[in-house]
Amino acid sequence: SQRWRNYVVLSSYNGQVTGYVEAITSLARLDNSMQSFQQTLLILGGTSFLAVFLISWATAGAALRPVSRMIDSAQAIARSRDFSRRVEGPAQQDELHALASAFSEMLSSLEESFRAQQRFVADASHELRAPLTAIQANLELLQRLPELPAAERQEALDEARREAHRLTRLVADLLALARADAGGILLRRPVELDRVLLDSVSEARHLVRGHRLEIAGLETAMATGDEDRLKQLFLILFDNAIKYTPPAGQITVRLQKNTRSIIVTIADTGVGIPPEAMPHIFDRFYRADPARSHDPGGTGLGLPIARWIVEQHGGTIRLDSESGKGTKVTITLPTPEAH
């Protein structure tokens, strides 16, 4: 139906109503214009919404595409366990680039830890296999040859006993390192470090074979830590010094103290450590060639355990050595006042 507009004007003369003037016009053009305007608004609104949606979708897709690639890379690494792969991030320096860099750093750390674990398992398996093979071989020899001469029988038993002792030491060292890797925390109690060192020297004197084991200086010193582990630390170092020092050599012990630290030095006149071996002396199962000839039954775990004990006590350990002249071990521990 069509709309109309009616306009009426009163006509008067000398105060008297003379008539009415009425005008009528169609509103069709106005209605058509409003309808066209509404259609235009709907078209513009729909087009704008569609344009905004498409632009937002394209922008979000471009922004999330690097995230999708990172997720795919992470899932592929998890499935393949190939920690040498890296997560690719966007080229621009933004938050996603920082996230990809953090992922890559984490993967580098995981790769290093994974390879170290693989080496450790392989080395541990090799070290465990040797004494087990020797024990098994000697036991089979005794079982197969019951009429073996007494001297040879005793030699086989002695070798089996030595290998069993070596195996016990190796397992104990592996357990200590396992506790270290698991983040084991040592006891924290007041310890008379000078007394612990004296006790260790007394036990080490039973191991010497003509060596001169001397205490060059011993100051009274209190430390905070685990007494048993500190004694183990000193015995490891004394054992190394005795093994790698000729019987006529000398081992010198010194304990000094200042307001901030306690310094223990153990110096020997032994075979020393070759320069090329120095960067690896704290690696697990590592033994330089001269060390192997002096201690074929060693495990190569003593110094890694020693370093762990020192670090657990908040200290540092340093080795200075010259091949053919000897080695000096310096242990620095904080005093209770320094904590």
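Up top is the structure these notes are about.
The notes below deal with the structure included here. (Residues numbered from 1 in each chain as written. Predicted model: local features only at pLDDT ≥ 70, side-chain atom pairs only at ≥ 80, totals over all residues. Heavy atoms only, no water.)

## Section: the overall build of the protein
Then comes step 1: Summing up its helical and strand segments, the protein has seven helices and nine strands in all.
Then comes step 2: When burial is assessed residue by residue, the protein has 32% of its 339 residues classed as buried.
Then comes step 3: For the protein, long-range pairs separated by at least 24 residues make up 66% of all intrachain contacts whose partners lie at least 6 apart in sequence.
Then comes step 4: Surface accessibility of the protein: about 21,300 Å² in total, with carbon and sulfur atoms responsible for 56%. (Helix = DSSP H or I, 4+ residues; strand = E, 2+ residues; numbered from the N terminus. Buried < 20%, exposed > 50% of the residue type's maximum accessible area, 1.4 Å probe, protein only. Contact = heavy atoms within 4.5 Å. Areas by Shrake-Rupley, 256 points an atom, 1.4 Å probe, with all protein chains shown as cover.)

## A look at a nonpolar patch on the surface
Then comes step 1: Taken together, F49, L50, F53, L54 and W57 make up a surface patch of nonpolar side chains, about 630 Å² in accessible area.
Then comes step 2: Relative to the elements of secondary structure, F53 occurs in helix α1 (residues 28-80). (Patch = residues over 30% accessible without salt bridge, like charges linked within 9 Å, V, L, I, M, F, W, Y side chains within 5 Å. Salt bridge = Lys/Arg side-chain N within 4 Å of Asp/Glu carboxyl O.)

## What about the environment of K257?
Then comes step 1: Mapped onto the elements, K257 comes out in strand β6 (residues 250-257).
Then comes step 2: On the basis of relative accessible area, K257 is assigned to the partly exposed category, the value being 37%.
Then comes step 3: C-alpha separation for the pair K257 and L218, spaced 39 residues apart in sequence, amounts to 9.2 Å.
Then comes step 4: With residues up to four places along the chain from it excluded, the contact list for K257 reads E219, T220, A221, I262 and T335.

## A closer look at helix α7 (residues 302-312)
Then comes step 1: Taken across its 11 residues, α7 has eight buried, putting it largely inside the fold.
Then comes step 2: Where α7 is concerned, the buried positions are G302, L303, P304, I305, A306, W308, I309 and V310.
Then comes step 3: Backbone geometry just downstream of α7 places G314 in the positive-phi region, at approximately 75 degrees.

## Brief notes about helix α5 (residues 227-243)
Then comes step 1: Its 17 residues give α5 an end-to-end C-alpha distance of 24 Å, which sits within 8% of 24 Å, the value for a rise of 1.5 Å per residue.
Then comes step 2: All of the buried residues in α5 are R229, L230, L233, F234, I236, L237, F238, N240, A241, I242 and K243.
Then comes step 3: Where α5 begins, one side-chain oxygen reaches toward the backbone nitrogen of D228, 3.1 Å away; that side chain belongs to D226. (Expected span 1.5 Å × (residues − 1). Polar contact = N/O pair within 3.5 Å; in protein donor to acceptor, adjacent residues only side chain to side chain.)

## Some points on the pattern of salt bridges
Two side chains bearing opposite charge may form a pair once their charged atoms approach each other closely.
Then comes step 1: Per the counting criterion, the structure on display carries eight salt bridges.
Then comes step 2: The salt bridge partner of R318 is D320, with a shortest N-O separation of 3.0 Å.
Then comes step 3: With a relative accessible area of 35%, D320 lands in the partly exposed category.
Then comes step 4: For K325, the salt bridge goes to E322, with nearest N and O atoms at 3.4 Å.
Then comes step 5: Exposure remark for K325: the relative accessible area of 59% places this residue in the exposed category.
Then comes step 6: E322 gets classed as partly exposed once you look at its relative accessible area, which sits at 45%.
Then comes step 7: Several salt bridges converge on common partners, so that one network encompasses E192, R195, D199 and E227.

## Focus: the pairing of strand β5 (residues 222-225)
Looking along a regular strand, one sees side chains alternate from face to face of the sheet.
Then comes step 1: Going residue by residue along β5, you find A223 and G225 tucked away on one face and M222 and T224 left uncovered on the opposite face.
Then comes step 2: Across four bridges, the pairing between strand β3 (residues 189-192) and β5 is antiparallel. Bridging from a neighbouring strand, E192 pairs with M222 of β5. (Pairing = 2+ DSSP bridges.)

## Quick notes on the nonpolar core
Then comes step 1: In this structure, L193, L233, F234, F238 and I331 are the most contacted members of the largest nonpolar core, which totals 47 residues.
Then comes step 2: Elements with a contribution of two residues or more to this core: α3 (150-181), α4 (193-204), α5, β6, β7 (261-268), α7, β8 (316-322) and β9 (326-334).
Then comes step 3: In terms of residues, this core owes the most to one element, α5, which gives eight residues. (Core = buried A, V, L, I, M, F, W, Y, C linked by side-chain atoms within 4.5 Å.)

## What about the side chain of D226?
Then comes step 1: Relative to the helices and strands, D226 resides in the loop between β5 and α5.
Then comes step 2: No salt bridge is formed by the buried D226; its nearest oppositely charged neighbour, R229, is found at 5.0 Å.
Then comes step 3: Within the structure, the side chain of D226 is placed 3.1 Å from the backbone nitrogen of D228, a separation counted as a polar contact.
Then comes step 4: Setting aside anything within four residues of it in sequence, one finds D226 in contact with L186, L187 and H313. (Lys, Arg positive; Asp, Glu negative; His and termini not counted.)

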